[in-house]
Amino acid sequence: MPQINARQPSARGWAPTFVRTAACLLASVALGVGAAGAYAGTVPTTLRADEATEVGRWSDGIWAAAKTGDLQGVEGALKQVPNSLAAAQAKQLRELIVARNAHVDEGAKTREADRAKALTDLKDNFAKKEITKALTDAVRLQTLSDNWADALKIPEIVELVKAAEVAETAAAKEGDWLVAQEILFRLRTLFEESGDATAFRRYDSMLEIVNKRIVLLAQYAPRELWRLRKVYSERVEPGKPFPEFNEAFADDWKEALEGISKGMLTSALNTAANDHISSGGWEPLVAGGLESIRVLATTTALKENFTGLGDPAKAKALADAAVKAEEALARMNRDQVGRPQYNAALRDVLSANAAGPRVPEEVIYREFGDGAIEELSKRFEDEYTQIIWPDQLRRFEQMIKGNFVGVGIMIRHDDRRDIQVINPLEGSPASRSGVKRDDRIVAVDGVSTVGWTLNKAVDAITGPPGENVKLTVRRDGIPEPIELTLVREEIKIRSVNGWWKKALDEKGAPVWDWFIAPDSGVGYVRLSSFNDDSFMDFMDAIKEMRAERDLRGLVLDLRHNPGGLLKSAVDFSNAFIERGRIVAGQDRNGRQVWQMSADPNRAVLEELPVVVLVNQGSASAS
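Criteria and thresholds
- Residues numbered from 1 in each chain as written.
- Predicted model: local features only at pLDDT ≥ 70, side-chain atom pairs only at ≥ 80, totals over all residues.
- Heavy atoms only, no water.
- Helix = DSSP H or I, 4+ residues; strand = E, 2+ residues; numbered from the N terminus.
- Buried < 20%, exposed > 50% of the residue type's maximum accessible area, 1.4 Å probe, protein only.
- Contact = heavy atoms within 4.5 Å.
- Areas by Shrake-Rupley, 256 points an atom, 1.4 Å probe, with all protein chains shown as cover.
- Pairing = 2+ DSSP bridges.
- Arc of directions from axis to C-beta.
- Polar contact = N/O pair within 3.5 Å; in protein donor to acceptor, adjacent residues only side chain to side chain.
- Core = buried A, V, L, I, M, F, W, Y, C linked by side-chain atoms within 4.5 Å.
- Axes fitted to C-alpha atoms, helices over the stretch in contact; angles between N-to-C directions.
- pLDDT = per-residue confidence, 0-100.
- Phe/Tyr/Trp six-rings, centres within 6.5 Å; stacked < 30°, edge-to-face > 60°.
- Nonpolar A, V, L, I, M, F, W, Y, C, P; charged D, E, K, R; others polar.
- 1 Å grid on protein atoms, 1.4 Å probe; cavity = no way out; pocket = protein on both sides within 12 Å on 5 of 7 lines; lining within 4 Å.
- Points joined across faces, edges and corners; volume = space filled by probe spheres on them.
- Expected span 1.5 Å × (residues − 1).
- Salt bridge = Lys/Arg side-chain N within 4 Å of Asp/Glu carboxyl O.
- Left-handed = near helix turned anticlockwise from the far one by under 90°.

Engineer: Go over the overall build of the chain with me, naming the residues and quoting the values.
Structural biologist: The secondary structure content of the chain amounts to 21 helices and 16 strands. Taking all 622 residues of the chain together, 43% fall into the buried category. Contacts in the chain between residues far apart in sequence, at least 24 positions, make up 67% of those at least 6 positions apart. On the chain, roughly 32,400 Å² of surface is accessible, and the fraction owed to carbon and sulfur atoms is 52%.

Here is the structure:
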């Protein structure tokens, strides 16, 4: 799929931002001169009380204007440096202001030249009917403008937006979803923070639907997605070879549906409706599920594997059932929507499907469930709730348990559907045996891996501990395949790490220096996740620290920790908290339905000073 890059925040509105930043810097200089009586090594000068008051009022005014973005106020104040300032200081400050003004003038000239170039490029690409390129030029032109809303009134941009909407409609009608996606993305970017919230929401909503269609193609119509990518590649990079479709992709969708049932879907949504603190019950789940089914029914290209969706009448029957259920849902009070409405909506959709396109019911269950949970993300900014379907369960369990039996490699499919090594885990049998990042596993125990799914590859490579497995790998730069024999063993996913890795022991496990500085007595633990072993590994680290020297404090680094097991997080908290409630759960009406409290006998680190580091990547249990 095409790589679409958003307009970078640092680029948006750079001109006013630059001026505002420069004004703040000059204001800070002014404050330094006025309040401290010295700047950049000048000799402090004693001011009379009335002079100090005048200087202080002036510098405070500049600072306040700069912080609020009152650029005219800043400009006016900078032209009125108080005479109360000592001559040397006033001279120095005026020189700084002159230099700053020169930079601003130079930047304005450069920006104006760039604007002219962007407008010329826009006109040229529009004339060539290169709509997406012209939209890119329009975004660039807008970014270089002081007022983004005014930029949308430029006649060339007005005409371009109209043409882009026509082109998007044509692309959608033809099922050229990659082109539709690119156009909508750039239209949405153009109207972002422009003051026209209605247009932005419309493009955002349209883009969301197109993105869903592309995800459906990736899941259920890989040949069609390959064709669209090929057409896109030929348009963007004419003459560049595009790889042929690998038939090994063709039936992967069947594996993703194995084991899915109506009961599984209902159980998952029942939990989300009752236990999700912000979900609002069943209404968003049913609404999201029905929208997903409507998009499924109207994505004609899925006829690649679901032939009924290629029959307009049959596909319409399924789409109409979803729309009818959506309309009935919209007429109800949100609090009135419950499990009966879910049951009725799903029943109607399944009946319409049976009489219409006859898509496998497992597809209906999975898409309804994913659509329901996606609605939680959209409405309540919840990126972490999801349904773990059967094909995802094994890797999910490995993640939370923190260990498995195998050879210690992470794998994925590359573009040619080969089994590619992402990286061998440090100290693992794979690492010790010479497996390298980007190796392609072409055979396992002499059996070719052509066409294998990732689950099949995992099944073949893992096995009882102590037994051998032979991997045949192809490595860039080496003409012949390499055969490596590895011994399976228990692999530990380490979530507790120290300040400095001193060495590896005989089993390949890291030997950590746990202290930030040799004599500080302040330990450091980076916790990357919360799995079954995390807390015991943490306590082992504490024992090692105390055996080495007096532990006077601890830095617990939870940056980029996405979470994990709740019980593990409670164990960590209890180590520092002697009594009281650690965590509780409420239903959507605010009623507490469960809680987990501290056990005073487990607060072994209660007196230890601790600093916890978090960032935007810290979530859930962390």
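There is more to say, and it comes next.
Engineer: I'd like to hear about the pairing of strand E3 (residues 419-424), residue by residue, with values.
Structural biologist: Pairing between strand E2 (residues 409-413) and E3: five bridges, direction antiparallel. Bridged to Arg 412 within E3 is Gln 420. Pairing of E3 with strand E4 (residues 440-444) involves two bridges; the strand directions are antiparallel. The residue of E4 that forms the bridge with Gln 420 is Arg 440.

Engineer: Tell me about the side chain of Asp 439, and please be specific about residues and values.
Structural biologist: Checked against the element boundaries, Asp 439 lands in the loop between helix H18 (429-433) and E4. Once residues within four sequence positions are removed from consideration, Asp 439 is found in contact with Ile 419, Gln 420, Val 421, Gly 434, Val 473, Arg 474 and Arg 475.

Engineer: A description of helix H19 (residues 454-461) should follow, citing residues and the corresponding values.
Structural biologist: Listed in full, the buried residues belonging to H19 are Leu 454, Asn 455, Ala 457, Val 458 and Ile 461. What you see down the axis of H19 is that its buried residues fit within an arc of 160°, all on one side.

Engineer: Explain the side chain of Asp 137 residue by residue, including any values.
Structural biologist: Position of Asp 137 among the secondary structure elements: in helix H5 (residues 131-143). Asp 137 sits in the buried class, given a relative accessible area of 7%. A distance of 3.4 Å separates a polar atom in the side chain of Asp 137 from the backbone nitrogen of Leu 122. Of note is the side chain of Asp 137, whose polar atom sits 2.7 Å from the side chain of Asn 125. With sequence-adjacent residues up to four places away left out, Asp 137 is seen in contact with Ala 118, Asp 121, Leu 122 and Asn 125.

Engineer: For the nonpolar core, give the residues involved together with the corresponding values.
Structural biologist: Inside soluble globular proteins, nonpolar side chains tend to come together where they are buried. Counting 82 residues, the largest nonpolar core has Ile 157, Leu 269 and Leu 302 as the members making the most contacts within it. Not counting residues within four places of it along the chain, the set of residues in contact with Ile 157 comprises Leu 122, Ala 138, Leu 141, Ala 151, Leu 152 and Leu 190. Judged by nonpolar contacts, the second largest core, of 23 residues, contains Leu 527, Ala 541, Leu 551 and Leu 605.

Engineer: Run through the sheet that holds strand E9 (residues 496-497), naming residues and quoting values.
Structural biologist: In space, the four strands of this open sheet follow the order E9-E12-E13-E16, with mixed pairing throughout. Every other strand in the sheet has two partners, leaving E9 and strand E16 (610-613) as the edge strands with one partner each. Bridge count for strand E12 (residues 522-527) against strand E13 (residues 553-557) is five bridges, and the pairing is parallel. Paired with Tyr 524 across the strands is Val 555, a residue of E13. Those strands touched by helix H20 (residues 534-548) are E9, E12 and E13, and its axis lies near 160° from that of E12.

Engineer: An account of the confidence of the model for the chain is needed here, citing residue identities and associated values.
Structural biologist: A residue-level look at the chain finds 88% of positions with pLDDT of 70 or above and a mean pLDDT of 85. Across residues 1-45 the pLDDT falls below 50, and counting only partners more than four positions away or on other chains, this stretch makes 94 contacts in the model.

Engineer: Can you lay out the packing of aromatic side chains for me, pointing to particular residues and giving the numbers?
Structural biologist: Going through the model one piece at a time under the given rule, you end up with 13 aromatic pairs. Judged by centre distance (6.3 Å) and plane angle (45°), the rings of Trp 512 and Trp 514 are tilted. The interplanar angle of 45° and the centroid separation of 4.9 Å between the aromatic rings of Phe 538 and Phe 572 together place this pair among those described as tilted. Taken together, the positions of Phe 538 in helix H20 and Phe 572 in helix H21 (residues 566-576) put the pair 34 residues apart, joining distant regions of the chain. Using a relative accessible area of 5% as the deciding quantity, one classes Phe 572 as buried. Grouped by ring-pair contacts, the aromatic residues Phe 530, Phe 535, Phe 538 and Phe 572 constitute a single cluster.

Engineer: I'd like a rundown of the packing of H20 against H21, residues and numbers included.
Structural biologist: Between H20 and H21, whose axes approach to 8 Å, the crossing angle comes to 35°. Note on element contacts: H21 touches H20 through Ser 568, Asp 571, Phe 572, Ala 575 and Phe 576, opposite Ser 534, Phe 535 and Phe 538. Here the residues of the contact of H20 with H21 are counted per class, giving five nonpolar, two polar and one charged.

Engineer: So what about the layout of surface pockets? Which residues, and what values?
Structural biologist: Each pocket or cavity is described by its volume, and for the second largest pocket that value is around 1,500 Å³. Along its surface, the second largest pocket is lined by 33 residues, and Tyr 384, Thr 385, Gln 386, Gly 564 and Ser 620 are the ones closest to its centre. Contributing elements (two or more residues each) for the lining of the second largest pocket: helix H12 (262-275), helix H17 (390-401) and strand E14 (581-586). Its residues placed into classes, the lining of the second largest pocket shows 18 nonpolar, 13 polar and two charged.

Engineer: Residues and numbers for helix H8 (residues 177-191), please.
Structural biologist: For H8, which comprises 15 residues, the first-to-last C-alpha distance of 21 Å matches the rise-based estimate of 21 Å (1.5 Å per residue) to within 8%. Within H8, 14 of the 15 residues are buried, which leaves the element mostly enclosed by the surrounding structure. At the exit of H8 stands Glu 193, carrying a positive phi of roughly 55°.

Engineer: Account for the pattern of salt bridges, naming residues and giving values.
Structural biologist: Under the criterion given, the structure shown has 40 salt bridges. In this structure, the salt-bridge partner of Asp 150 is Lys 153, at a minimum N-O distance of 3.7 Å. Judged by its relative accessible area of 61%, Lys 153 is exposed. Arg 188 is paired through a salt bridge with Asp 204; the nearest N and O atoms lie 2.7 Å apart.

Engineer: Quick one: what's the story with the packing of helix H15 (residues 339-355) against helix H16 (residues 361-380), residue by residue and with numbers?
Structural biologist: Following both chains from N to C, one finds H15 and H16 inclined at 145°, their axes separated by 11 Å at the closest point. The handedness of the crossing between H15 and H16 comes out as right-handed. Between H15 and H16, the contacting residues are Tyr 342, Leu 346, Val 349, Leu 350 and Asn 353 on the first element and Glu 361, Ile 364, Tyr 365 and Phe 368 on the second. Residue composition of the contact of H15 with H16, by class: seven nonpolar, one polar and one charged.

Engineer: Provide a residue-level description of the environment of Val 405, including the pertinent values.
Structural biologist: Considering the arrangement of structural elements, one finds Val 405 in strand E1 (residues 403-406). Here the alpha-carbon distance between Val 405 and Glu 490, two residues 85 residues apart in the chain, equals 4.2 Å. Setting aside residues no more than four positions away along its own chain, Val 405 makes contact with Thr 462, Gly 463, Pro 464, Pro 465, Arg 488, Glu 489 and Glu 490.

Engineer: Can you tell me about unusual backbone geometry, naming the residues and giving the values?
Structural biologist: A positive phi angle is found at Arg 358, which is not glycine, with a value near 55°. In this fold, Arg 358 is placed in the loop between H15 and H16. Residue Asp 438 is not a glycine yet carries a positive backbone phi of 75°. Among the secondary structure elements, Asp 438 is positioned in the loop between H18 and E4.

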